[in-house]
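# Fold and contact review
Given next are the chains, with one letter for each unit.
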Amino acid sequence: MHVDGFRDHPVRSYVLTGGRAHPSRNTLRPETLVCAADDDGREPPRAAGRHEQAVLDTCQGTLAVAEIAAYLRLPVSLLAVIVSDLVDAGHLVVRSAVTHGLPDTDLLEEILDGLRKL
């Protein structure tokens, strides 16, 4: 149902997650990157509903939880629970964000000196 741009789901999120409001992993955040695990012949989850299957179909590359939620038009909180279940079952893998080393202190001081001269 659409009301003033709001899309309501006929089934409430807590029903889709078996009454759980929080993921089993407290490290999942909207920016957490996930991708499909190397299945090597692994069968899809037997109890996978359409939302779990949609997440697996969407995760062909590395995506953030928020991106998956946007593609599937589902709340991020719901996706966090579903993704957590799929990670626990070994169907998705959490990827750490690419972290770059901090710039050298000398470089930062040169930039600061240059900005002060402006």
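Residues numbered from 1 in each chain as written. Predicted model: local features only at pLDDT ≥ 70, side-chain atom pairs only at ≥ 80, totals over all residues. Heavy atoms only, no water.

### Remarks on the pairing of strand E3 (residues 33-36)
Looking at chain direction, E3 and strand E4 (residues 63-64) are connected through two bridges and run antiparallel. Looking at the pairing, Leu-33 lines up with Ala-64 of E4. Where E3 meets strand E5 (residues 92-95), four bridges bridge the pair, whose relative direction is antiparallel. Directly across from Leu-33, in E5, lies its bridge partner Arg-95. (Pairing = 2+ DSSP bridges. Helix = DSSP H or I, 4+ residues; strand = E, 2+ residues; numbered from the N terminus.)

### Regarding the packing of helix H3 (residues 65-72) against helix H4 (residues 76-88)
For the pair H3 and H4, interaxial distance at closest approach is 9 Å and the crossing angle is 115 degrees. In terms of orientation, H3 and H4 fall into the roughly perpendicular class. Judged by the sense of rotation from one axis to the other, the crossing of H3 with H4 is right-handed. Counted together, Val-65, Ala-66, Ile-68 and Ala-69 of H3 and Val-76, Leu-79, Ala-80 and Val-83 of H4 form the full contact between these two elements. Counted by class, the contact of H3 with H4 contains eight nonpolar, no polar and no charged residues. (Axes fitted to C-alpha atoms, helices over the stretch in contact; angles between N-to-C directions. Parallel < 35°, antiparallel > 145°, perpendicular 65-115°, else oblique. Left-handed = near helix turned anticlockwise from the far one by under 90°. Contact = heavy atoms within 4.5 Å. Nonpolar A, V, L, I, M, F, W, Y, C, P; charged D, E, K, R; others polar.)

### Considerations on the nonpolar core
Membership of the largest hydrophobic core comes to 17 residues, with the highest contact counts inside it found for Val-55, Cys-59, Ile-68, Leu-79, Val-83, Leu-86 and Leu-92. Contributing elements (two or more residues each) for this core: helix H2 (50-58), H3 and H4. Looking at which element gives the most residues to this core, the answer is H4, with six residues. (Core = buried A, V, L, I, M, F, W, Y, C linked by side-chain atoms within 4.5 Å. Buried < 20%, exposed > 50% of the residue type's maximum accessible area, 1.4 Å probe, protein only.)

### A look at the packing of H2 against H4
Interaxial distance between H2 and H4 falls to 10 Å at its minimum, and their mutual angle equals 75 degrees. Our classification of the angle between H2 and H4 gives roughly perpendicular. Touching His-51, Glu-52, Val-55 and Leu-56 of H2 are Leu-79, Ile-82, Val-83 and Leu-86, all from H4. Taken together, the residues of the contact of H2 with H4 break down into six nonpolar, one polar and one charged.

Without other data, these values stay purely geometric and don't point to any function.
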